[in-house]
Structure formats: structure tokens, C-alpha cells
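Listed here are the chains, written in short residue letters.
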Amino acid sequence: DGGITQSPKYLFRKEGQNVTLSCEQNLNHDAMYWYRQDPGQGLRLIYYSQIVNDFQKGDIAEGYSVSREKKESFPLTVTSAQKNPTAFYLCASSIGMKNIQYFGAGTRLSVL
Amino acid sequence: AQRVTQPEKLLSVFKGAPVELKCNYSYSGSPELFWYVQYSRQRLQLLLRHISRESIKGFTADLNKGETSFHLKKPFAQEEDSAMYYCALSVDKLVFGAGTILRVKS
């Protein structure tokens with residue numbers, strides 16, 4: 001495996017706690033994305049970034065925050081405001097917004 | 001708004017039977033469409049894109065602009081085809097359908 005690394009593989013959140021999911025890529029891609037995957041709902045876009053120091057809200061950004069300080073890194077913070085955080089989170093990257101996306105192995109977040 | 005519809009949550013077929021995973025999209029311009037696949041315990045990955053017009057693992061998909069469809073087809077299903085399949089539409093960004101689980105029974 002290479003390209004896009006997500007960590008940790010499993011994460012548990014206590015009520016009221018913020019947690020951060022890591023996503024790193026060594027593909028030299030400009031664009032990066034965070035998706036949430038729930039059974040029966042497919043992939044829903046949380047946030048995306050087309051370039052360093054810039055990011056945009058996706059379809060379900062409430063309760064989440066991101067940063068893009070480096071080209072290689074696009075961490076996602078699940079805040080306490082996200083009332084239903086239990087899901088599988090996927091990070092992806094692409095050369096540009098319309099190009100093929102490459103995905104990480106995912107992080108499964110559960111609430112204690 | 002752009003939308004992708006995959007009407008079947010689960011499609012179950014026998015090995016050797018033909019497979020058709022349906023995908024319809026809503027977009028008035030010239031779309032760019034993809035099929036992504038997620039095998040058990042593997043990453044989501046691109047299966048094929050319509051502009052390539054190629055067959056991958058025996059799968060093909062034809063864009064029908066009149067019916068706004070991009071169905072995925074394979075003439076003879078194999079057990080290793082069992083996976084989650086997502087259709088996706090690219091305009092300014094990718095929009096995914098809800099996905100279809102394909103189960104190929106022996």
C-alpha cells in the first residue's frame with residue numbers, strides 16, 4: 001500500500017470530545033477530499049481542498065473541520081457538535097477536481 | 001443539482017449469469033462518468049470511466065445520453081465480482097450514487 005495513508009484504522013470518541021483523523025498522501029496531488037460512508041447512503045462529501053491553504057464545505061460539513069497547511073496532509077476533526085459521528089471515513093486525493101480519485105483505507109469511528 | 005441514482009441496494013446473481021448494475025444521472029451538460037468498486041477489505045478504487053471506453057475485468061459501461069444512464073454490465077458473473085459498486089458523476093466535483101452491493105452466488 002502506498003499513496004494515501006489514513007490513521008488510525010479504528011477510533012473511539014467519548015461524548016463531548018473532538019477527535020482528529022489523519023490523511024497523508026505522497027502522490028503530489030493538489031486536491032484532497034473527505035467522505036463519510038454510511039450503509040445505504042453511499043459516499044457523502046464532507047470537505048474538499050483544491051490547493052494548499054484553501055478548502056470548501058461539501059454536502060455534510062456541519063460538525064466537522066479541516067485544515068490544509070501542507071500539500072501532503074488534510075486532517076479532519078470531528079467535533080462534539082457532530083451528534084452522529086459513527087461512520088466509516090474515507091480520504092481521497094486527485095491531481096485536479098475532475099480527475100480520478102484515489103482513496104485511503106479508511107478510518108472507522110465509533111462513539112463510546 | 002447533479003444527482004446519481006443507483007436504484008438497487010443489493011443485486012444477487014448466480015455465477016455465470018449476466019450482470020447489469022443500473023446507474024442514472026441528472027445533468028444537462030456533457031457528463032463524465034465513472035464506476036468505482038470496493039471489494040471486501042480493500043480500498044475503494046476506480047473500475048472504469050466512460051471516456052476510456054474499455055473493458056475492465058470483463059465489465060463494460062456505455063453512456064446513454066438519451067436515457068441519462070451509465071449501466072455497468074458483465075456477460076458472465078464470477079464470484080470474485082462480489083463487491084460494492086458506486087457510480088459517480090464528475091462535473092465540478094465527483095458526486096457518488098448510494099452504491100449497489102453485488103453478490104455472486106456459486
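All values derive from a computational prediction rather than experimental measurement. (Residues numbered from 1 in each chain as written. Chains lettered and ligands numbered in written order. Predicted model: local features only at pLDDT ≥ 70, side-chain atom pairs only at ≥ 80, totals over all residues. Heavy atoms only, no water.)

Asker: I would appreciate a short explanation of the overall build of chain B in the present structure.
Answerer: Helices and strands together make up the secondary structure of chain B, namely zero helices and 11 strands. Scanning chain B from its N terminus toward the C terminus, one meets helices and strands in the order β-β-β-β-β-β-β-β-β-β-β. Relative to the 2.2 N^0.38 estimate, which gives 13 Å for 106 residues, the radius of gyration of chain B is 13 Å and therefore close to what a compact globule would have. By principal-axis analysis of the C-alpha atoms, chain B measures approximately 40 × 25 × 25 Å. Out of the 106 residues belonging to chain B, those deemed buried represent 46%. (Helix = DSSP H or I, 4+ residues; strand = E, 2+ residues; numbered from the N terminus. Rg over C-alpha atoms; globule rule 2.2 N^0.38 Å. Buried < 20%, exposed > 50% of the residue type's maximum accessible area, 1.4 Å probe, protein only.)

Asker: Before we go on, may I ask you to explain the environment of Arg68(A) in this structure?
Answerer: Residues and elements named next belong to chain A. Looking at where Arg68 falls in the secondary structure, it is placed in the loop between β7 (64-66) and β8 (76-78). The exposure class of Arg68 is buried, given its relative accessible area of 2%. Here Ser49 takes part through its side chain, which lies 2.7 Å from a polar atom of the side chain of Arg68. (Polar contact = N/O pair within 3.5 Å; in protein donor to acceptor, adjacent residues only side chain to side chain.)

Asker: I would appreciate a short explanation of the side chain of Thr107(A) in the present structure.
Answerer: Residue and element names in this part refer to chain A. With respect to the secondary-structure elements, Thr107 resides in strand β11 (residues 107-111). Using a relative accessible area of 0% as the deciding quantity, one classes Thr107 as buried. One polar contact links the side chain of Thr107 to the main-chain carbonyl oxygen of Pro8, over a distance of 2.6 Å. Beyond its immediate chain neighbours, meaning those up to four positions away, Thr107 contacts Gln6, Ser7, Pro8, Lys9, Leu11, Leu21, Ala87, Phe88 and Tyr89. (Contact = heavy atoms within 4.5 Å.)

Asker: Any chance you could explain the pattern of salt bridges here in plain terms?
Answerer: Once the charged atoms of two side chains with opposite charge are near each other, the side chains can pair. According to the stated counting rule, one finds seven salt bridges over all chains in the structure shown. One salt bridge connects Arg36(A) with Asp38(A), and the closest N-O pair in it is separated by 2.8 Å. Across the pair, exposure class does not vary: Arg36(A) and Asp38(A) are buried alike. For Lys74(B), the salt bridge identified is with Asp81(B), shortest N-O distance 2.8 Å. Taken as a pair, Lys74(B) and Asp81(B) share a single burial class, namely buried. In this structure, a network of salt bridges that share partners links the residues Arg36(A), Asp38(A) and Arg44(A). (Salt bridge = Lys/Arg side-chain N within 4 Å of Asp/Glu carboxyl O.)

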